[in-house]
Amino acid sequence: MTLNEIIEARDRAFQEAEAATDAAALEAVRVRYLGRKGQLPQIMACLRELPPEQRGEAGRLANEFKQGLVERLDNRKPQDTTAAAASGFDYTLPGTGCKPGTVHPVSRVIADVIRIFGRLGFTVADGPDIETRYHNFEALNTPAHHPSLDAKDTFWLDGGGLLRTQTSPVQIRVMERQSPPVRIITPGRCYRRDTTDATHSANFHQVEGLYVDRRVSLADLKGTLACFMREMMGPSVAVRFRPHFFPFTEPSVECDFSCHLCGGSGCRVCKHSGWIEIAGAGMVDPRVFRKVGYDPEVFSGYAFGMGVERIAMIQYGIEDIRMLYENDVRFLEQFR
Ligand code: PHE
């Protein structure tokens, strides 16, 4: 084995590597020269037999041979021709991860309410956010001199329309187009000129309920709300009614449920009263029935309305209503 023979073998190997046209040919070149019984191991083995003054040069040549051939074979490896490779996209990098979103607590409460009342036979009805004075007030037996019509409480629009202050106008719209029996709930946005603070927002959600049929009583209302509250807050909560006033119900009540946290003995959440207010309600006023063409001598009904944000705050222990609107991801992520 002479230096020249090593050079010749090297040049031949390099040429063969350049000439190989497919993966099989490349592999054959690799085996022929770099394989265990290939030419390079043989050359390495012969180095020892060379005269000492040639060994250094021969060793350098042999190494150059090996490295050069490995490089050439690597370069000729079949290229990735996919679109991903062409775009420079490195599909071996770890992914960026995908955090699924969460259902907003307001949407969650609405979904729960729909589910629970759905089992009691209520269907969902909808109405416009922009209402007429008639549907939001007059048909609900609220006279023009009532303070809630005041420009400082209600967002009036040019042309006499308004942003609904309650979901109760949907009651009117449904009764206008449908005869009894009626059994609906209507979740939706409401608007009031309230100054925002921890418990008030100019834009919030209510769920309205309306049940009209023959011989519907206040006891039915209480039983239905009690059933709802037990599903929502736990099997041991009770409800109570306190007398109240709404223009469109007679009698009217405010509905409380026994505090789900302390069981009624008094705690911070129920302000040590043992009870938490949850809904306004009452028996539909005969004047409202007459407006929509129902005969109050034949039909009776109850209605209720509750604040969705309020329920969410009670259920999840949220102390400031503004957290529900700020869309701070750290807050929202908790509702997985
Ligand atoms: N609409 C009333 C309110 O916003 C709530 C209510 C609804 C009361 C239905 C009685 C019956 O305060």
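Residues numbered from 1 in each chain as written. Predicted model: local features only at pLDDT ≥ 70, side-chain atom pairs only at ≥ 80, totals over all residues. Heavy atoms only, no water.

To continue, consider the site of the ligand. Near the ligand, the surroundings consist of 14 residues, among which Gln166, Ser168, Arg192, Gln206 and Glu208 are the closest. Interatomic distance of 2.8 Å between a side-chain N/O atom of Gln166 and a nitrogen atom of the ligand. Between the ligand and the protein, one listed contact pairs a nitrogen atom with a side-chain N or O atom of Ser168 at 3.0 Å. The protein chains hide 90% of the 320 Å² of surface that the ligand would expose on its own. Elements with a contribution of two residues or more to the shell around the ligand: α8 (168–177), β5 (203–213), β8 (275–284) and β9 (300–307). Here the shell around the ligand takes 3 residues from β9, the largest share from any one element. For the shell around the ligand, the class distribution of residues is 5 nonpolar, 7 polar and 2 charged. (Near = heavy atom within 4 Å. Polar contact = N/O pair within 3.5 Å; in protein donor to acceptor, adjacent residues only side chain to side chain. Areas by Shrake-Rupley, 256 points an atom, 1.4 Å probe, with all protein chains shown as cover. Helix = DSSP H or I, 4+ residues; strand = E, 2+ residues; numbered from the N terminus. Nonpolar A, V, L, I, M, F, W, Y, C, P; charged D, E, K, R; others polar.)

All right, on to the environment of His260 then. If you trace the backbone, His260 turns up in the loop between β7 (249–258) and β8. Using a relative accessible area of 23% as the deciding quantity, one classes His260 as partly exposed. Apart from residues lying up to four places away in sequence, His260 is in contact with Met233, Val237, Ile276 and Ile314. (Buried < 20%, exposed > 50% of the residue type's maximum accessible area, 1.4 Å probe, protein only. Contact = heavy atoms within 4.5 Å.)

One pass over the full model with this rule turns up 14 aromatic pairs. Aromatic pair Tyr211 and Tyr302: ring centres 5.4 Å apart, planes at 70°, arrangement edge-to-face. Of this pair, Tyr211 sits in strand β5 while Tyr302 is found in strand β9, placing the two residues 91 residues apart along the sequence. By relative accessible area, which is 1% here, Tyr302 ends up buried. With a centroid separation of 5.2 Å and an interplanar angle of 70°, the aromatic rings of Phe331 and Phe335 are classed as edge-to-face. Across this residue pair, the class does not change: Phe331 and Phe335 are buried. Aromatic ring contacts, followed pair by pair, group Phe117, Phe122, Tyr211, Phe228, Tyr302 and Phe304 into a single cluster. The lysine or arginine in question, Arg72, covers the ring of Phe14, its NZ or CZ lying 3.8 Å from the ring centre. One residue, Lys222, lies across the ring of Phe241, its end atom 5.7 Å from the ring centre. (Phe/Tyr/Trp six-rings, centres within 6.5 Å; stacked < 30°, edge-to-face > 60°. Lys NZ or Arg CZ within 6 Å of the ring centre and 35° of its normal.)

What follows concerns the environment of Gly305. Inspection of the secondary structure assignment puts Gly305 in strand β9. In this structure the C-alpha to C-alpha distance between Gly305 and Asp11, which are 294 residues apart in sequence, comes to 91 Å. When neighbours within four sequence positions are excluded, Gly305 is seen to be in contact with Val207, Glu208, Ile278, Ala279 and Gly280.

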